[in-house]
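Understanding the architecture of this molecule
Each chain is listed here by its residues.
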Amino acid sequence: MLNFKHTNFSVEAGTDEAGRGCLAGPVTAAAIITSENLHSELLNDSKQTSLKVRNFLRKWIEENENAYAIAHIWPEEIDQINILNASIKAMHHALDKLSLTPDFIIVDGNRFKSYKNIPHETIIKGDGKYLSIAAASILAKTYRDEIMLQLHEEYPMYHWDKNKGYPTKEHRDAIIKYGACKYHRKSFRLIPEQLKLDL
């Protein structure tokens, strides 16, 4: 069972991102301030849940929680500021959009930059420990996957409906065959070094 809160602060937000390791598409972050309504034995790190469970949990979170928000940083900006900074910026943007200002922020992972001088703590594998981070991971993953399905309609040759922009063999083979598109992160190693691609 995941912990409800990490601190005694009355308004504690959890935040997480999805898509950091992808070759294409945005990095997406979610922030959420959970209420006592948020109790489900199904709720866990999005990587530990099936597509069906993730989609069910997203709907359930949206129906039971008011204070949550989503933000995306797109490849052009990722290439300018690097993926770590883009991930943190996406989390900051999600926190900006919350209907409440948190007293404390818990962050999945080990890197974060101070947000509005609100105290925070980074928690490795926090999405498997705290409800708010787990809920944020579900929201970030499902909203990003939804975007990748939309982008797939525009560029079906990359099979983003299946790989969601991650570096699968099929995805890299398509980059070699068709080249990179506007949704690819040009600062990433899109194909192995022994192969060359003109960008």
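Small disclaimer: the values here were computed from a predicted structure and weren't measured. (Residues numbered from 1 in each chain as written. Predicted model: local features only at pLDDT ≥ 70, side-chain atom pairs only at ≥ 80, totals over all residues. Heavy atoms only, no water.)

The next thing to look at is helix H1 (residues 51-64). Taking 1.5 Å per residue, 14 residues should reach 20 Å; H1 reaches 20 Å between its end C-alpha atoms and fits that length. Buried within H1 are the following residues: Arg54, Leu57, Arg58, Trp60 and Ile61. In this structure, the buried side of H1 is in contact with strand S2 (27-33) and helix H4 (131-154). (Helix = DSSP H or I, 4+ residues; strand = E, 2+ residues; numbered from the N terminus. Expected span 1.5 Å × (residues − 1). Buried < 20%, exposed > 50% of the residue type's maximum accessible area, 1.4 Å probe, protein only. Contact = heavy atoms within 4.5 Å.)

Our next topic: the environment of Ala13. Relative to the assigned elements, Ala13 resides in strand S1 (residues 12-18). You can call Ala13 buried: its relative accessible area is 0%. Linking Ala13 and Asp103, residues 90 residues apart in sequence, is a C-alpha distance of 7.9 Å.

Under the UniProt annotation, "binding site: a divalent metal cation" (unreviewed entry) lies at Asp16, Glu17 and Asp108. These annotated residues cover 93 residues of sequence, but their C-alpha atoms sit close together, with the largest distance between any two at 8.1 Å. Mapped onto the elements, Asp16 comes out in strand S1. Classification of Asp16 by relative accessible area gives buried; the value is 3%. The contacts of Asp16, once residues within four sequence positions are left out, are Thr28, Ala29, Ala30, Met91, Asp108, Asp127, Ile133, Ala136, Ser137 and Ala140. In this structure, Asp108 sits in strand S4 (residues 104-108). On the basis of relative accessibility, which here comes to 16%, the residue Asp108 falls in the buried class. (UniProt positions renumbered as here; feature names shortened; annotations may be inferred.)

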